[in-house]
Amino acid sequence: MRLLILAFVLAAPVFTARAELVWEKTEQSFKTVPGQVTVKTSYPFKNNGADPVTITGLKTSCGCTTATPSKLTYAPGESGTIDTVFSIGTRTGLQKKTIQVETSDHRSQELFLTVTIPELLRIEPSFVLWTAGEPATEKIVTLTVKANPPFKITGLKGVPEKIKASLEPLPDGVGYRLHLQPKDTASPTEGWLELKTDLPDDKGIRFRVYVGVNQADPTL
Amino acid sequence: MRIPFPTLSSFAGLLLLAAMVAVPNFYLQERRPQFLAPAVPQGEIAAAQARMLPQALWIDARSFADYNQGHMPGALLLNEDNWDESLPQVLQQWKPGVPVIVYCSSVSCEASHEIAKRLMAGSVKPVFVLHGGWEALQKEAP
Amino acid sequence: MKMAGEGLRLVLGLLFLWAGVVKMKDPYGFQEHLLAYQLLPFALTGVVALFLPALEALLGLALILRRWEIESLWWILVLTGGFAFGLGSAWIRGLNIECGCFGAADLSGTYAWWLFRDLALFAAAWLRLRQLGDSPVRHKTRLVNGA
């Protein structure tokens, strides 16, 4: 019996040599809805080891994702979370972000966050620029409604001074060509041209195109 | 009108003499020219080369917090979050012929490529992504 | 006339010696200026930044000391001609360069002024060569028409 206890005591360091955080899930995916500004989620974990664990480092793959631990040190048996906030900004499409958690037991765990941001309207290019002296030729922005069900672009507002703008719907029903032309490129003008749609206002969804004529010397 | 021709040996000799002066000077000077543009992917530019572009417009594509902690002098912050607010200022600073250099934190980050893509779609060119990002700039600091 | 000729020789000599020495002290800076012209490939700008200033200084020295005067003047024609081409090319493309001809101090001016300055040097070298051609006895070089 004493031999068994001795064996167990000698073996004990092997079992508790490394403290361990056990994660409920290390990958999460989300799909955003129009008008959403952030994606907030948590990654819960538990300290299953025999020693306390401290979070020594938290790195995210981009500045758009912030990660905060519920607290820094976890006693054995204690649970916690890493709370993450992903800002959508003007991003669209598939966004894959990683959060790396480093702990005092010299281990690191990667957490994955995948956010799919449906593109409602493709605006190509997203801005149009003429420089002073450049010929005042027409430039076209191609608009393609990607949302399902599709919405309609009904008009323009906020057209900058001295810019002539016209909207040409395309036969496919989801495409449009926005024709833009300045009266001249001699003097600067600039502003955000807004596209009016038949989407409900309360969603806070806005589509804009930046249009500008630059002045000759930016240092003036 | 009579113009005297030079003797070829003396004409070439001057060049040789110049080389004999230039090579030691290369070792004497601290600020030396570079001959090897380090190999970087298409559309990207190495930090050493980027620094040598005069009148370049530097764009920081990182977060506001990172930008505040330190950025390339004169760089403008333009990322996917503040795109709408910052784009006008960036476009007003740019004019054709001015190269644009976009950087984010390191080799692995995507933000600089995304910003560069958006700028190029609007016919801003040439736009380069800084190979290695902010990290490379820190290593390169003269 | 001869005095004017000697004057030209000295002025050209001093100018090129000074321009060369100033640029020899900062080859990296000179390479930066060359890159702004967007004409030469990267490696070549390094080579030019290394050799050109030394050549300029040597030409200047040669002119002052009255050695290899014909050769030096011809080099000036080649260099100023090439530079006029480079300036013109940058001007047409609307590039924003600083001349960099006389080092870091030479950062203000316009294309017209730089081109004028450059062509004036070309003309000065040409005039001096003509003058030398008209008095072949003093110089032991081949003439275009002559024995």
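Look above for the structure.
On the side of chain C, 43 residues touch chain B, which itself brings 33 residues to the contact. Summed over both sides, the interface between chain B and chain C buries roughly 4,000 Å², with carbon and sulfur atoms accounting for 69% of that surface. Counting the contacts that link chain B with chain C gives one salt bridge. One salt bridge connects B:Arg31 with C:Asp26, and the closest N-O pair in it is separated by 2.7 Å. Our enumeration of links across chain B and chain C arrives at eight residue pairs in polar contact (both at pLDDT 80 or more). Listing elements by their share of the side of chain B that touches chain C, those giving two or more residues are helix H1 (8-28) and helix H2 (47-51) of chain B. Residue contributions to the side of chain B that touches chain C peak at eleven residues, all from H1(B). A breakdown of the residues in the side of chain B that touches chain C according to their chemical character gives 21 nonpolar, eight polar and four charged.

All names here are of chain A. An order of E10-E12-E15-E14 is seen for the four strands of this open sheet, with the pairing classed as antiparallel. At either end of the open sheet lies a strand with only one pairing partner, and these are strand E10 (121-124) and strand E14 (163-169). Looking at each pair of strands side by side, their axes are set apart by 20° on average, direction ignored. One ladder, built from seven bridges, connects E14 with strand E15 (residues 175-182); its direction is antiparallel. Note on E15: the bridge partner recorded for Leu167 is Leu178.

Conventions we followed
- Residues numbered from 1 in each chain as written.
- Chains lettered and ligands numbered in written order.
- Predicted model: local features only at pLDDT ≥ 70, side-chain atom pairs only at ≥ 80, totals over all residues.
- Heavy atoms only, no water.
- Contact = heavy atoms within 4.5 Å.
- Buried area = accessible area lost by both parts, 1.4 Å probe.
- Salt bridge = Lys/Arg side-chain N within 4 Å of Asp/Glu carboxyl O.
- Polar contact = N/O pair within 3.5 Å; in protein donor to acceptor, adjacent residues only side chain to side chain.
- Helix = DSSP H or I, 4+ residues; strand = E, 2+ residues; numbered from the N terminus.
- Nonpolar A, V, L, I, M, F, W, Y, C, P; charged D, E, K, R; others polar.
- Pairing = 2+ DSSP bridges.
- Axes fitted to C-alpha atoms, helices over the stretch in contact; angles between N-to-C directions.

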